[in-house]
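Reading the structure
Residue strings, one per chain:
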Amino acid sequence: MRVFNIESVIDEFETLTKSAGHHQRETLRKILEQNGKAEYLQNLGLGGRTDPESYKVCVPLVTHSDLEPYIQRISDGDSSPILTGKPITSISLSSGTTQGKRKYLPFNEELVQSTMEIYRTSYAFRNREYPIGDGKALQFIYGSKQVKTKGDLTATTATTNVYRSEQFKRTMKDIQSQCTSPDEVIFGSDYQQSLYCHLLCGLIYSDEVQFIFSTFAHSLVHSFRTFEQVWEEICTDIREGVLSSRITVPSIREAVSKILVPNPSLADSIYKKCVGLSNWYGVIPELWPNAKYVYGIMTGSMEPYLKKLRHYAGNLPLMSADYGASEGWIGANVNPSLPPELATFAVLPNIGYFEFIPLEKLDMQELESSLTSIHYKEAEPVGLTEVEVGKEYEVVITNFAGLYRYRLGDVVRVTGFHNCTPELQFIRRRSLMLSINIDKNTEKDLQLSVEAAAKLLAEEKIEVVDFTSHVDTSTEPGHYVIFWEVSSVSNDEILHSCCNCLDLSFADAGYVSSRKVSAIGPLELRIVRKGTFDMVLHYYVGLGAALSQFKAPRCVSQSNSKVLQILCMNVTSCYFSTAYEN
Ligand code: AMP
């Protein structure tokens, strides 16, 4: 067994971040040298120069749509150096839930390497504060479908590309994070059956489990909501040593049956613990008594699931995982004891070249005269070590996978420095979601409104299970529609006041003034049947998204007709705001 030395990983990180500026220049040099032959770079007149100054002058800032024609040629099988020196052999598919469209992105070995480096770094810091013993991890992870592109490249989610690599297995062993489930469960062809077996295998090894993980908090909450439905069946399986007939995929059945033996005393103990819980509070520490924490991405669009996750986790700490995207990694959580709401990510200066576009809010006058797509004043991008504490930026990455000056579309705030590298707080996706005329609301604004209105329901012990939004311009004037799935039925009066509260909570000046003069119609709250968001999830997984990488779409556009149809067909009641009526 290889020995993983926590202190040396931390020391390496400290050295690296002390000379972050130097590592940035070096990383850019390496990227440009490795890929200098690439057609994209050849056309920009860099002429072999690799310094940041020339790079910024010659290479334009791009978004995904600028790169699409190049990525298209790669996936069509053109193996000439297009974006990278070495040909790209795999494609990653982003979840597509943020923009409604799945993005194709280049994937290569360097991305596996940087993933492992991020995992090792944050593990070292985590383990220093919350040491785990020898054991396993209950990981709700899923490989998604692999498809072949026209040019015979494999295309799948970035996490699947990582999980399939040999490096991943080795690193998981090094950092004591081996999954309780066999590979057949992770890569099973039916995510519902895989989820059931993750829970079952996690319970078979319950004494060994050191922590619980999924990529995103949504998937953790979804797993335990499912557990509430299937726990008795799981107990029966463990008691009798026979896998439930609901597991029909032969590879999953065979692999799980091998580790399932009759264990009536374990079944009894699980049964007793479950019936003893009050509304499933603290189910995680109860069933996994040696677990030290719950781990996964809990920031950004995952924040709405924290309340429920805390409920399941009881007294166990929640620890937010690192910050990255299908495009590449950005930073590691090196302050694991901070609560998820305050989590920050220290940028690793050797995994990419990073720039930051300073963003300043527009004032009211500028706001009124601006186009709806412009939300901020932008200044020239600055380098990693030039960012200022307290300011907000959009992240731009350049990395070994052939992405150059790529605008990630995420807004972050610098909260401080770890040595010379900034610590970033994830603020939101940059794009606007709700906008009819001069109003400008982001995902974060929606989240805050929903949180405010959900408080009225919480008094009735009812939860908002999930939510999304839509701009309805089929009526004149247009209006916002908010869809809610709630945990149990509430009365009309309360839901109507929730609707008013939602309307009033969109504090954006453009929205408020438009509402006052009826340039935007009353907000509409539509309640959907229980299980509707599971249907949306099911739809995305059917398209090839992975359950563990799923993010509920927070705004459904008219063009996303299938999802809109699922939502609209399941509406049980709707309410119009009277908040702006005099
Ligand atoms: P995807 O395109 O499916 O790979 O998702 C990547 C996006 O997920 C990023 O651009 C972020 O918006 C979001 N994301 C990833 N990691 C985090 C994190 N730790 N906190 C908040 N949002 C994150």
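Residues numbered from 1 in each chain as written. Predicted model: local features only at pLDDT ≥ 70, side-chain atom pairs only at ≥ 80, totals over all residues. Heavy atoms only, no water.

We now examine the overall build of the protein chain. A count of helices and strands for the protein chain gives 21 helices and 21 strands. A globule of 582 residues ought to have a C-alpha radius of gyration of about 25 Å, and the protein chain, at 24 Å, matches this closely. Long-range pairs, those at least 24 residues apart, make up 72% of the contacts in the protein chain with a sequence separation of at least 6. Counting only carbon and sulfur atoms, one obtains 51% of the accessible surface of the protein chain, whose full area is about 23600 Å². In the protein chain, 56 side chains carry a positive charge and 69 a negative one; their mean positions are 3 Å apart. (Helix = DSSP H or I, 4+ residues; strand = E, 2+ residues; numbered from the N terminus. Rg over C-alpha atoms; globule rule 2.2 N^0.38 Å. Contact = heavy atoms within 4.5 Å. Areas by Shrake-Rupley, 256 points an atom, 1.4 Å probe, with all protein chains shown as cover. Lys, Arg positive; Asp, Glu negative; His and termini not counted. Charge placed at Lys NZ, Arg CZ, Asp CG, Glu CD.)

Counting residues in each nonpolar core, the largest one holds 153 residues, and the members touching the most others are Ile 212, Phe 227, Ile 284, Trp 288, Val 294 and Phe 356. Of the residues forming this core, the biggest block, 10 residues, is contributed by helix H11 (residues 217-240). Here Ile 284 is in contact with Ile 212, Phe 224, Val 294, Tyr 312, Ala 313 and Leu 316, once residues within four sequence places are set aside. (Core = buried A, V, L, I, M, F, W, Y, C linked by side-chain atoms within 4.5 Å. Buried < 20%, exposed > 50% of the residue type's maximum accessible area, 1.4 Å probe, protein only.)

Each neighbour pair has its own omega, and for Glu 476 with Pro 477 the value is -5°, a cis peptide bond. You can see Pro 477 is positioned in the loop between strand S18 (464-472) and strand S19 (479-486). If you check the backbone angles, Asp 152 has positive phi at about 70° while not being a glycine. The phi dihedral of Lys 461 is positive, around 60°, even though this residue is not glycine.

Another aspect to go through is the site of the ligand. In the vicinity of the ligand, 17 residues are found, and the nearest of them are Ser 95, Thr 299, Gly 324, Ser 326 and Asp 410. Taking Thr 299, its side chain carries an N or O atom lying 2.5 Å from a nitrogen atom of the ligand. Contact distances for the ligand include 3.0 Å between a nitrogen atom and a backbone N or O atom of Asp 322. When the ligand sits alone it has 500 Å² of accessible area, and the protein chains cover 94% of it. The site holding the ligand turns out to be the largest cavity. Top contributing element to the shell around the ligand by residue count: strand S9 (residues 323-325), with three residues. Tallied by class, the residues present in the shell around the ligand amount to six nonpolar, seven polar and four charged. (Near = heavy atom within 4 Å. Polar contact = N/O pair within 3.5 Å; in protein donor to acceptor, adjacent residues only side chain to side chain. 1 Å grid on protein atoms, 1.4 Å probe; cavity = no way out; pocket = protein on both sides within 12 Å on 5 of 7 lines; lining within 4 Å. Sits in = over half its atoms within 2 Å of the grid points. Nonpolar A, V, L, I, M, F, W, Y, C, P; charged D, E, K, R; others polar.)

Here we come to the packing of helix H10 (residues 191-204) against H11. Running from amino to carboxyl end, H10 crosses H11 at an angle of 60°, the nearest separation of the two axes being 9 Å. Crossing of H10 over H11 shows right-handed handedness. Taking contact as the criterion, the partners of Leu 195, Tyr 196, Leu 199, Leu 200 and Leu 203 in H10 are, on H11, His 222, Ser 223, Thr 226, Phe 227, Val 230, Glu 233, Ile 234, Asp 237 and Ile 238. (Axes fitted to C-alpha atoms, helices over the stretch in contact; angles between N-to-C directions. Left-handed = near helix turned anticlockwise from the far one by under 90°.)

Quick look at the state of the cysteines now. A covalent bond bridging the sulfur atoms of two cysteines is what the word disulfide describes. Within the structure shown, the criterion is met by zero disulfides. The thiol of Cys 274 is not disulfide-bonded; the next cysteine sulfur, from Cys 235, is found 5.7 Å away. No disulfide involves Cys 568; its nearest neighbouring cysteine sulfur is the one of Cys 574, lying 10 Å away. Residue classification places Cys 568 among the partly exposed positions, given a relative accessible area of 37%. (Disulfide = S-S within 2.5 Å.)

Further remarks concern the sheet that holds strand S3 (residues 136-139). Pairing within the open sheet is parallel, and its four strands lie in the order S3-S6-S7-S8. On the outer flanks of this sheet lie S3 and strand S8 (318-320), each paired with one strand and no other. Adjacent strand axes in the sheet meet at a mean angle of 25°, parallel and antiparallel pairs treated alike. Here S3 runs beside strand S6 (residues 209-216); their pairing, made up of four bridges, is parallel. Of the residues in S6, the one forming a bridge with Leu 138 is Ile 212. Each of strand S7 (293-297) and S8 touches helix H15 (residues 306-313); the most contacted strand, S8, lies at about 135° to it. (Pairing = 2+ DSSP bridges.)

Turning our attention to the environment of Ala 124. Looking at the secondary structure, you find Ala 124 in helix H6 (residues 109-129). Ala 124 gets classed as buried once you look at its relative accessible area, which sits at 0%. Ala 124 sits 120 residues away from Phe 4 along the chain, and the two C-alpha atoms are 9.2 Å apart. Excluding anything up to four places from it in sequence, Ala 124 contacts Ile 6, Val 9 and Ile 10.

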